[in-house]
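Commentary on secondary and tertiary structure
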Amino acid sequence: MTVRTGSKGMPRGEREAQILNAAAIEFGTRGYASVLVADVAVRAGVSKPLIYLYFSSKDGLGAACAERAGSALAAKIAEAMGAPAPTFLAAAAVLDAIFTALEPRPHDWNVLYDHGAPPDTETATVARRYRRIIAEQAATGVWSALAAGGLSDGRDLSLLTHIWMNSVTAVVSWWLDNPDQSADDMSARAHRILTALTTA
């Protein structure tokens, strides 16, 4: 079987992953609007024409980054939510899943939650789709927590979902500011904090 190769004999799949990893850092740290394909090429150590060959455009590159980030996060969250657990343990399991999904590429969260891509681009469309999926997952988890506590008000659901999503964003932002922390470190820290909050 012949392995399809990219530049310098590297298999195309590996080269694409290398480019996407570089793009995720650029988009995740600077925002879509500020990034040039040339910036990604320099970080990835490849030529601009190669990026255009693989992804057609900056929008194609951004969409591929968002697809990879969103599919990994949504799948891990769904897996964590598949096992019934008390509210505290369910929240901790979801955070564990998010940390595990993001450990190879912590900037993926910002790739999805950056609103800098023009709304009619493929990048924005893919990111919106996964933000919606993750928000629906959050709402499902929050609804279970509210039902367990005897609450059923729709605005309570909306408010707590909003709090949860913004809290996760804040936690990921803190992680990006403290890159020495592994996914296991973050899980342990989150468990300690959730325990303290629920027993205070």
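Here we come to the overall build of the protein. When helices and strands are counted, the protein shows nine helices and zero strands. In the protein, the order of α-helices and β-strands from amino to carboxyl end is α-α-α-α-α-α-α-α-α. Counting only C-alpha atoms and orienting by the principal axes, one finds that the protein spans roughly 60 × 35 × 35 Å. With 200 residues in all, the protein has 38% of them scored as buried. Considering only residue pairs separated by 6 or more positions, the protein has 64% of its internal contacts joining residues 24 or more positions apart.

A surface patch of nonpolar side chains, amounting to about 250 Å² of accessible area, comprises Leu159, Leu160 and Ile163. Residue position: Ile163 is located in helix α8 (residues 154–177). Note on Ile163: relative accessible area 42%, which makes it partly exposed.

This part is about the environment of Thr123. With respect to the element layout, Thr123 can be found in helix α7 (residues 122–148). On the accessibility criterion, Thr123 (8% relative accessible area) is buried. For Thr123 and Glu67, which are 56 residues apart along the polypeptide, the C-alpha to C-alpha distance reads 8.6 Å. Leave out the neighbours within four places in its chain, and Thr123 touches Tyr32, Lys58, Asp59, Gly62, Ala63, Ala66 and Ala117. A polar side-chain atom of Thr123 sits 3.1 Å from the main-chain amide nitrogen of Ala63.

As a further point, take the packing of helix α3 (residues 48–55) against helix α4 (residues 58–81). Direction vectors running N to C along α3 and α4 enclose 65 degrees, while the axes themselves pass 8 Å from each other. Every pair of crossing elements has a handedness; the one defined by α3 and α4 is left-handed. Residues Ile51, Tyr52 and Phe55 of α3 lie in contact with α4, whose contacting residues are Lys58, Gly60, Leu61 and Ala64. Of the residues contributing to the contact of α3 with α4, the split by class is five nonpolar, one polar and one charged.

Let us now look at the environment of Asp153. Looking at the secondary structure, you find Asp153 in the loop between α7 and α8. Linking Asp153 and Trp143, residues 10 residues apart in sequence, is a C-alpha distance of 9.7 Å.

This brings us to the pattern of salt bridges. Scanning the entire structure with this criterion turns up six salt bridges. Here Glu16 ties to Arg12 by a salt bridge, and the two come within 2.8 Å at their closest N and O atoms. Taken together, the positions of Glu16 and Arg12, both in helix α1 (residues 12–30) and four residues apart, correspond to about one turn of that helix. Judged by relative accessible area, which is 23%, Glu16 ranks as partly exposed. Note on Arg12: relative accessible area 17%, which makes it buried. For the salt bridge of Glu26 with Arg43, the shortest nitrogen-to-oxygen distance reads 2.7 Å. Of this pair, Glu26 sits in helix α1 while Arg43 sits in helix α2 (residues 37–44), and the two are 17 residues apart along the sequence. Taking the relative accessible area as the measure of exposure, Glu26 reaches 6% and is therefore buried.

Analysis parameters
Residues numbered from 1 in each chain as written. Predicted model: local features only at pLDDT ≥ 70, side-chain atom pairs only at ≥ 80, totals over all residues. Heavy atoms only, no water. Helix = DSSP H or I, 4+ residues; strand = E, 2+ residues; numbered from the N terminus. Buried < 20%, exposed > 50% of the residue type's maximum accessible area, 1.4 Å probe, protein only. Contact = heavy atoms within 4.5 Å. Patch = residues over 30% accessible without salt bridge, like charges linked within 9 Å, V, L, I, M, F, W, Y side chains within 5 Å. Areas by Shrake-Rupley, 256 points an atom, 1.4 Å probe, with all protein chains shown as cover. Salt bridge = Lys/Arg side-chain N within 4 Å of Asp/Glu carboxyl O. Polar contact = N/O pair within 3.5 Å; in protein donor to acceptor, adjacent residues only side chain to side chain. Axes fitted to C-alpha atoms, helices over the stretch in contact; angles between N-to-C directions. Left-handed = near helix turned anticlockwise from the far one by under 90°. Nonpolar A, V, L, I, M, F, W, Y, C, P; charged D, E, K, R; others polar.

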